[in-house]
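# Survey of secondary and tertiary structure
Residues per chain are reported as follows:
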Amino acid sequence: TAGITQAPTSQILAAGRSMTLRCTQDMRHNAMYWYRQDLGLGLRLIHYSNTAGTTGKGEVPDGYSVSRANTDDFPLTLASAVPSQTSVYFCASSPGQGNYEQYFGPGTRLTVT
Amino acid sequence: GENVEQHPSTLSVQEGDSAVIKCTYSDSASNYFPWYKQELGKRPQLIIDIRSNVGEKKDQRIAVTLNKTAKHFSLHITETQPEDSAVYFCAASKGSNTGKLIFGQGTTLQVKP
């Protein structure tokens, strides 16, 4: 069992370009989340999905979009990257339905130049 | 908006001593409070959590206490070991019965051998 995986591990992206960060889990968890982690600011929720077919905005959604076509995958898209989106991005999942324990992926380090 | 404050930002203890990290939250509807440990370059990992209907929970050398009236909760690590050195994050649910988490800013714990 792989658990939760993310790709790529790291990426350097030119400002203005688009990019999709991939996240896949094989635990059949209902809920999935995207966070960004910046020094001194902890983890901040970007978008979430309580179940396949639904998504919602977190604390810092601007400049990001998500989709949840199926249970396993939850991609995060930056339509036009800006330097302030330089961060480490973590995907997480939880069983849902009253079980809120979140399990994190290994992260993607993104640098926007 | 809702927020979680975490103190101290850094903590240094001698091996074998106890360590205490404190968090306060603002959302009176929060009812789920997890703690995560993050080693350098790794993903956050859930180490213990508590729900609002419980005042204290213990798991070997770690314990969490919750004071709902004062809206604060704490992580206690006893008999610290060098491998406890990491960044610790507290979090509180945004509202009740929701998987959305608001994280504190993190505490860097250093255990000196």
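Above this note sits the structure.
Described below are features of the structure shown in this document.

Moving on, we come to the packing of aromatic side chains. Residues and elements named next belong to chain B. Tallying each qualifying case throughout the model produces 13 aromatic pairs over all chains. The interplanar angle of 50° and the centroid separation of 5.0 Å between the aromatic rings of F33 and F73 together place this pair among those described as tilted. Taken together, the residues F33 in strand β4 (residues 32-38) and F73 in strand β8 (residues 72-77) connect sequence positions 40 residues apart. Across the pair, F73 and F33 agree in class, each one buried. Residues Y36 and F103 carry aromatic rings whose centres are separated by 5.7 Å and whose planes lie at 50° to one another, so their mutual orientation is tilted.

Turning our attention to the interface of chain B and chain A. Taken together, the contact between chain B and chain A spans 18 residues of the former and 20 residues of the latter. At the boundary of chain B with chain A, total buried surface from both sides reaches about 1700 Å², with 57% on carbon and sulfur atoms. Ranking the residues of chain B by area buried against chain A places R43, K100 and F103 of chain B at the top, with a combined share of 31%. If you look at where chain B meets chain A, you find zero salt bridges. Scanning the region where chain B abuts chain A turns up six residue pairs in polar contact (both at pLDDT 80 or more). Listed by contribution, the elements that provide at least two residues to the side of chain B that touches chain A are β4, β5 (45-51) and β10 (101-103) of chain B. Of the residues belonging to the side of chain B that touches chain A, the class tally is seven nonpolar, six polar and five charged.

So, about the nonpolar core. Soluble globular proteins tend to pack their nonpolar side chains together in the buried interior. Within the largest apolar cluster, 24 residues are counted, with the highest numbers of intra-cluster contacts made by W35, F73 and L109 of chain B. For this core, the secondary structure elements donating two or more residues are β2 (10-14), β3 (19-25), β4, β5, β7 (62-67), β8, β9 (86-93) and β11 (107-112) of chain B. By size, the runner-up hydrophobic cluster in this structure holds 18 residues, among which are C23, M32, Y89 and C91 of chain A.

The next point concerns the sheet that holds strand β1 (residues 4-7) of chain B. Residue and element names in this part refer to chain B. The strand order β1-β3-β8-β7-β6 describes an open sheet built from five strands, whose pairing is antiparallel. The open sheet has two free edges, formed respectively by β1 and β6 (56-59), since each of these has just one partner strand. Direction aside, neighbouring strands of the sheet carry axes that sit 15° apart on average. Taken together, the six bridges between β7 and β8 define a ladder with antiparallel strand orientation. Residue V64 lies in a different strand from β8, and its bridge partner there is L75.

Following the criterion strictly, the structure yields two disulfides over all chains and no others. Here C23 of chain A engages in a disulfide with C91 of chain A; their sulfurs sit 1.9 Å apart. When the S-S torsion is -70°, as for the bridge of C23 of chain A with C91 of chain A, the disulfide is left-handed. Remark: C91 of chain A occurs in strand β9 (residues 87-94) and C23 of chain A occurs in strand β3 (residues 19-25); sequence separation between them is 68 residues. The class for C23 of chain A is buried, based on a relative accessible area of 2%. C23 of chain B shares a disulfide with C90 of chain B; S-S distance 2.0 Å. Because the sign of the S-S torsion sets the handedness, a value of about -100° for the bond joining C23 of chain B and C90 of chain B places this disulfide among the left-handed ones. With C23 of chain B in strand β3 and C90 of chain B in strand β9, the pair connects residues that are 67 residues apart, well separated along the chain. C90 of chain B carries the same exposure label as C23 of chain B, and that label is buried.

Picture the strands of a sheet paired through backbone hydrogen bonds; they go either parallel or antiparallel. Residue and element names in this part refer to chain A. Strand order in the open sheet formed by four strands is β1-β3-β8-β7, and the pairing between neighbours is antiparallel. In the strand order of this sheet, the two ends are held by β1 (4-7) and β7 (64-66), each with one partner. Each strand of the sheet is rotated relative to its neighbour by a mean of 20°, with strand direction disregarded. For β3 and strand β8 (residues 76-78), the ladder comprises three bridges, and the chain directions are antiparallel. Bridging across to β8, T20 finds its partner in T77.

Parameters and conventions
- Residues numbered from 1 in each chain as written.
- Chains lettered and ligands numbered in written order.
- Predicted model: local features only at pLDDT ≥ 70, side-chain atom pairs only at ≥ 80, totals over all residues.
- Heavy atoms only, no water.
- Phe/Tyr/Trp six-rings, centres within 6.5 Å; stacked < 30°, edge-to-face > 60°.
- Helix = DSSP H or I, 4+ residues; strand = E, 2+ residues; numbered from the N terminus.
- Buried < 20%, exposed > 50% of the residue type's maximum accessible area, 1.4 Å probe, protein only.
- Contact = heavy atoms within 4.5 Å.
- Buried area = accessible area lost by both parts, 1.4 Å probe.
- Salt bridge = Lys/Arg side-chain N within 4 Å of Asp/Glu carboxyl O.
- Polar contact = N/O pair within 3.5 Å; in protein donor to acceptor, adjacent residues only side chain to side chain.
- Nonpolar A, V, L, I, M, F, W, Y, C, P; charged D, E, K, R; others polar.
- Core = buried A, V, L, I, M, F, W, Y, C linked by side-chain atoms within 4.5 Å.
- Pairing = 2+ DSSP bridges.
- Axes fitted to C-alpha atoms, helices over the stretch in contact; angles between N-to-C directions.
- Disulfide = S-S within 2.5 Å.

Keep in mind these values describe shape, not function.
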